[in-house]
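For reference, the chains in residue letters:
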Amino acid sequence: MTTPGKNGRRVDLRVRIGPMTLRNPILTASGTFGYGDEYAHVVDLSELGGVITKTVTLEPRAGNAPARIAETPSGMLNSIGLENVGLARFRSEKVPRLRALGATIVASIGGETPGELTRLLGALGAEPGIAGFEINFSCPNVARGGARYWAVARRLERTLRLLRPLTKAALIAKLSPDVTSVADLAIACEQGGADAVTAVNTFVGMAVDLGHVRHKLNRATGGLSGPAIKPLALARCAEAAAAIKIPVIGSGGIMNGRDALEFIAVGAAAVQVGTASFMRPAAAAEVVEEMNAFLEQRGIRRLGDWRGVLASTPEACAPAPKRRKVHA
Amino acid sequence: MIVALEAASRPAPWTQVRGRVALQRDYGAGHLWLDLEVPRGFRDPVPGQFVQLLLVAPAPVLLPRPMSVASVRTVGGRSVLGFLYGPVGAGTLALSQLTRGDTVDVLGPLGRGFPLEAPGTPVLVAGGRGVAPLLFAADGLRRLGRRSEFLFGARSRAQLVGLDDARRRLERMGGRLHLATDDGSRGLEGTVLDLLDKVGPRLAPPLVIHACGPHGMLKAVAEWAMARSIPAFLAMESQMACGTGVCRGCPMPRSEKARALYVRTRGDAPSLFGNAEYAMCCTEGPVFEARDLDWERVE
């Protein structure tokens, strides 16, 4: 289960996320890799840590009106709106295909209410071949059941308590960065029974077409991803990792192996590659190889020895020092 | 169209390769011609298809740029893809700085091209820079031994870029070139639609239109053709991230009829090609038949 390096050297990249063991820490971010099979002719899916599918909802969704995409400096805004095939087709078509491709499948599910999520997980929870579920608590592009609705600690905790008994597979909560405290939400997820937390989904952003005096996206706002958000995501990832004992999966602007290792250094157990796959469909597999090479060069034989080398309680989420005078 | 797509449930696979600049030259009126040599094994695009050009890092832009292919030649056993473009944004500006020997990542071929085998007298309608895929279509028709009519409109004489290339492509099959400029500096004074109005009735029916240009022009061409029950195939543009149907970033609104057909054949669930409401420009397009889109909602 170790990954052979180019020269036959080996680094043990295995990672445990709750009941699930990944062969390496590289996952594809939901919504950036389709249902996995679209890229299967250029990436060996079994070489990835796992494939997180496009978010599935109870019913199919057509998504938002165009324009859905805008490029911004070092990043991109998207407002797709959870276009997806819906539960029935996901189960009958997509899961069997992914299973046949040898992928470790993490199904992303999304709902507007706790009830919708329990129905989804009730239907898929025991589906053979699904190793984990990532609950999309953080879509910035839907009118109902999006990031804002779910950014309430008590709601997250209560919902995860409802979901926990419905599956033995790993349960991962994907959080929005646009909150007062990612740490508080991560703690709520841990207490609700989640096996891991993903930090973070896209940041809400906006772009204006000055020439036409209009928004570049039809819904005005979208989710910002890409290298532009990496420093922001790193900070949130570190904040979450410092606050909870369950693993944190880092996500946000990871373009190569070095980026992935930065997230793991600040405490992430695994990471997701997203926007990079739009540029280079084989990006996730390249990240695995680059990570391997970097660790080998440093003589590190286990990823576990690298994880958290820079983890500490970030000041941003440390308890405020008492009776400290502030000089203006 | 959708039924045909169903038969080929997976489009022929694209690949991502490293292309090498073989030529970059001034093409007049602020336009450039770029030749990219691609390694063996890269499937040749057909007219109307596009590729995603990704600048090698460090690059001033993040995402790859969808670029319509203007020609495919074989040089020394390797394919050379030609592109006609204007450096109008940060991505194309950076592309314009590349010189012979520089590299660019090329992902493709993508999307569906013009159905050049469609029966009827082929009428190629180009607006400005939209001439690029139609030069390639003229090549394709010539290879099929078909004579085509080429209608080309632009703002002024100088903006009729690629005029000589278009003429050369047409001559061999005895095709004719018809020109229009907004300022009357060459050909008919007026738009390419005025030209279509004038020339269309004189051509041997039935006609089949293949067009590319600004969306406003394409909408006018689509409406002109639909009013006369002439099949028209329009190469559309959209913002894109991936170009392969994965990101779902390039929806084009379907007409009522196309929507009903989609539901009949695919149900209400999205597929690689789109969903009942929207077709993806990158996979079902970029070439659409006029009656398949809701032109009122096309941006």
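Residues numbered from 1 in each chain as written. Chains lettered and ligands numbered in written order. Predicted model: local features only at pLDDT ≥ 70, side-chain atom pairs only at ≥ 80, totals over all residues.

Engineer: Which residues make up the overall build of chain A, and what values go with them?
Structural biologist: A count of helical and extended segments in chain A gives nine helices and 18 strands. Expected size for 328 residues packed as a compact globule is a radius of gyration near 20 Å; at 19 Å, chain A falls within 12% of this value. Each principal axis of the C-alpha atoms in chain A carries an extent, and together these give about 65 × 55 × 50 Å. The proportion of buried residues among the 328 residues of chain A is 57%. For chain A, long-range pairs separated by at least 24 residues make up 72% of all intrachain contacts whose partners lie at least 6 apart in sequence. (Helix = DSSP H or I, 4+ residues; strand = E, 2+ residues; numbered from the N terminus. Rg over C-alpha atoms; globule rule 2.2 N^0.38 Å. Buried ≥ 20, exposed ≤ 12 C-beta atoms within 10 Å, placed from the backbone. Contact = placed C-beta atoms within 7 Å.)

Engineer: Explain the confidence of the model for chain A to me, and be specific about the residues and the numbers.
Structural biologist: Residues of chain A with pLDDT of at least 70 account for 92%, and the chain-wide mean is 93. pLDDT under 50 marks residues 319–326 of chain A. Its contacts with residues more than four places away, or in other chains, come to zero contacts. (pLDDT = per-residue confidence, 0-100.)

Engineer: Before we move on, could you go through the nonpolar core and cite the residues and values that matter?
Structural biologist: Ranked by internal contacts, the top residues of the largest apolar core, which has 196 residues, are Val197 of chain A together with Val221 of chain B. Lining this core are residues from two domains, each supplying at least three of them: domain 1 (2–110) and domain 2 (121–238 + 273–292) of chain B. When near neighbours in sequence (up to four residues on either side) are disregarded, valine 221 of chain B contacts Val125, Leu193, Leu196, Ile209, Ala211, Ala232 and Leu234 of chain B. (Core = buried A, V, L, I, M, F, W, Y, C linked by C-beta atoms within 7 Å. Domains from an automatic or database assignment.)

Engineer: With reference to specific residues and values, describe the interface of chain A and chain B.
Structural biologist: Contact residues are listed per partner, giving 30 residues for chain A and 28 residues for chain B. Every element with two or more residues in the side of chain A that touches chain B is listed here: strand E7 (69–72), strand E8 (75–78), helix H1 (86–100) and helix H8 (275–279) of chain A. Looking at side-chain class alone, the side of chain A that touches chain B contains 14 nonpolar, 10 polar and six charged residues. (Nonpolar A, V, L, I, M, F, W, Y, C, P; charged D, E, K, R; others polar.)

Engineer: Outline the pairing of strand E13 (residues 203–206) of chain A, listing residues and values.
Structural biologist: All names here are of chain A. Taking every second residue as pointing to the same face, the buried face of E13 carries Phe203 and Gly205, while none of Val204 and Met206 on the other face is buried. With four bridges connecting them, E13 and strand E16 (residues 221–225) associate as antiparallel partners. Within E16, the residue paired with glycine 205 across the bridge is glycine 222. (Pairing = 2+ DSSP bridges.)

Engineer: Quick one: what's the story with H1 of chain A, residue by residue and with numbers?
Structural biologist: All names here are of chain A. The end-to-end C-alpha distance of H1 is 20 Å, a good match for the 21 Å that 15 residues give at a rise of 1.5 Å each. Maximal helix bending in H1 amounts to about 35°, located at lysine 94; proline proline 96 follows within four positions. Where H1 is concerned, the buried positions are Arg89, Phe90, Lys94, Val95 and Leu98. Residues of H1 that are buried make contact with strand E6 (50–52), strand E9 (105–109) and strand E10 (130–136). Positioned one or two residues after H1, glycine 102 has a phi angle of 80°, which is positive. (Expected span 1.5 Å × (residues − 1). Bend = angle between axes of the 7 residues up to and from the residue.)

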